[in-house]
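If you want the building blocks of each chain, they are given just below.
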Amino acid sequence: MLQFMRNKASSIIIKGILSLVILAFIFLGIGNFREQQEVTAATVNEEIVTGREFQYTYQRLLDTYRQQFGGALNDDLLKMLNLKEQAMNQLISEKIILQQADKLGLNVSDSELAATISSIPAFQNNGRFDKNRYNRLLQSNRMTAAAFEQSQKQALLVNKLRTLITDSVLVSENEARQWFDWENARVKITTAVFRAEGRTDVEPAEAAVAAYYEEHKDQYKTPEKRKITYVRVAPKRYLSEVKVTEGEIAEFYQANQQLYWNEETVEARHILVSLEKDADEARVEEARQKAADIYAMVTDGGKDFAETARQYSEGPSADEGGYLGAFTREDMVAPFSEKAFSMAPGEISEPVRSQFGWHIIKVEKINPAFTTPLDEVRAEIEKQLLNQKAGEYAYEEALTLFDMALDTDSVEQAAAARNLTAVTTDAITQNDTLADVEAGRTMVRQAFEFAEKEISDVITEGNTHFVFQVAEVVPAAVPPLESVRALVVQDLREQMRQAAAQAEAESVLEKVKAGQPLNAACSGTQAEIVATGFFGRTGEIPDIGNEPALSRAAFDLTENQPVAPDVVEGRTGYYVVVLNDRKAPDASGFEEKRDAVIRRLTAQKKNEVFMSWLEAMRQESDITMEEAFLR
């Protein structure tokens, strides 16, 4: 167990199972893809992974890394991340997990699914599931309720399977104590730091520059680029071309009465005696008695309700005399709302308990439900219908543009014929986007899937439509030495500085191993000697900073081997390391953190068990992958 913990020390500790909402998006492929993406990307036990699924998963990973790395996500980093292989492996794992859940007879009932979805805060209004909010949120993410619910079902199945496999995983107190002692040990060191920066004694010869360039040509290769010619077709351009009749306005109004229905509302004041949700019986009774006394003041005592609220209410509306404005039944928590809507104007309620405490309510006015008259919403409906018609007009115009572009093999010519503006971009890489262009990211992604002169389908982003053509493909190329000479010299100079710093560190280490004190061994070098205070396995090292490799080397040292056997290459230099002292954690600290340590290790251990199970299932599965998708 202890060795397992050591191997995992530098990894990210399991942070818990992802929310079901996020899992839903992982299992659901969304987007408009070309027909060629319906081909098979892989098979898992005869179940097909489609090109559509692969492209969606790949794009989602790419977007995630773009958010994480920003402009630092270049071609070299993308190659190192190997996103296509990541995407394929993720899809294969998902298929295996769902297949095994089916074999084990796991299922998700309608009631389980409903309970899960209704518990998601994003779909709630004042703690209750709001169907209208649910539908709006799904619509804004271009998802149907059926697709979302299916993805939720899959996510619940995954969770059930994971629980079944890992439910018996336990961590003993002895394991937890070993981890605690290992994790919380402290050391302090003296180290000599040899840095490359600041060294002025290196200057590459011309022959060395040429040789370095020849050896590292690919490092200076410019990535493949594309120029895109695109046309934007926006509805606002066609507003003057469309009209709306009075009959259409009336028809829309009649067909959408629910949009103009206004629920019954109550205007009220309240006085709140706040109370914790988990308060004990004595505290509940104390707060109730206080509320009863206030109730007596505003009823039998005849005190003004608003003034009493200002003096005694513990709610945020106290300064307004407890005034809450007009509200619907759904706007307030159930006990409060039920009481308020059962009262008459001027009536004062006895104390009512909610999750916030005890309320004394005074209803001031009841506003009956009503439908907003057509005259009040005529202008709004007219504007909406005009925008709708303009949107339809714009879409038809985009389709016409697309057809003409195919006929002429030119988006630019088609745009000129339709009196539209065609824009040709500069040469861009696949990591670029088009600033201030709604469909910019989509167009760039597709452009690098198209051949030169290929024309896109109509792309819709919001209510705006785009058609684009790959105007030019600029192949990747290695520039001549003279055009990148300054960069090559800079890179070679840095390499020489690094080599000089490392050589100096290794020379000093040999002297220390031979018995010289560190200070004496560093005489005449550019070393900086640092004596640290105590530090732990993670976090910063005093007077040095965040150097994980140095930290690992320091914790490998013992009284019998106080000098690191090799020079440590860190983030900012090369280190010769000598142990000064080592300190075990205070035993009493374990008792305070025992439960948290066990929870942490249990989560980590469960993840290991599940991943081992998944790997075993993968080995037993019949998997084929289309290599074309991995290139």
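Check the entry above for the structure.
Residues numbered from 1 in each chain as written. Predicted model: local features only at pLDDT ≥ 70, side-chain atom pairs only at ≥ 80, totals over all residues. Heavy atoms only, no water.

(A) Spotlight on helix H17 (residues 440-447). A large share of H17 lies buried, amounting to 6 of its 8 residues. Along H17, the residues that are buried comprise Gly440, Met443, Val444, Arg445, Gln446 and Ala447. Looking at the packing, one finds that the buried side of H17 touches helix H3 (51-69), strand S6 (225-233), strand S14 (459-461) and strand S15 (464-474). (Buried < 20%, exposed > 50% of the residue type's maximum accessible area, 1.4 Å probe, protein only. Helix = DSSP H or I, 4+ residues; strand = E, 2+ residues; numbered from the N terminus. Contact = heavy atoms within 4.5 Å.)

(B) Summary view of the packing of helix H6 (residues 110-118) against helix H8 (residues 145-166). It is at 10 Å that the axes of H6 and H8 come closest, and there the two elements cross at 100°. In terms of their interaxial angle, H6 and H8 are classed as roughly perpendicular. Listed contacts from H8 to Asp110, Glu112, Leu113, Thr116 and Ile117 of H6 are Phe148, Glu149, Gln152, Lys153, Leu156 and Lys160. (Axes fitted to C-alpha atoms, helices over the stretch in contact; angles between N-to-C directions. Parallel < 35°, antiparallel > 145°, perpendicular 65-115°, else oblique.)

(C) How the structure looks around the packing of H8 against helix H21 (residues 587-620). At their nearest, the axes of H8 and H21 sit 9 Å apart, and the two run at 105° to each other. On the basis of the axis angle, H8 is roughly perpendicular to H21. Contacts between H8 and H21 pair Leu161, Arg162, Ile165 and Thr166 from the former with Lys606, Asn607, Val609, Phe610 and Trp613 from the latter. Classifying every residue of the contact of H8 with H21 gives 5 nonpolar, 2 polar and 2 charged. (Nonpolar A, V, L, I, M, F, W, Y, C, P; charged D, E, K, R; others polar.)

(D) Examining the sheet that holds strand S11 (residues 357-367) more closely. On the basis of which strands lie adjacent, the open sheet formed by 4 strands has the order S9-S8-S11-S10 and antiparallel pairing. The open sheet has two edge strands, strand S9 (323-327) and strand S10 (352-354), and neither has a second partner. With direction set aside, neighbouring strand axes in the sheet form an average angle of 40°. In this structure, S10 lies alongside S11, joined through 3 bridges in antiparallel fashion. What sits directly across from Ser354, in S11, is Gly357. Strands strand S8 (265-274), S10 and S11 of the sheet are contacted by helix H12 (residues 281-298), whose axis makes an angle of about 40° with S11. Running at roughly 40° to S8, helix H13 (residues 305-312) makes contact with S8 and S11 of the sheet. (Pairing = 2+ DSSP bridges.)

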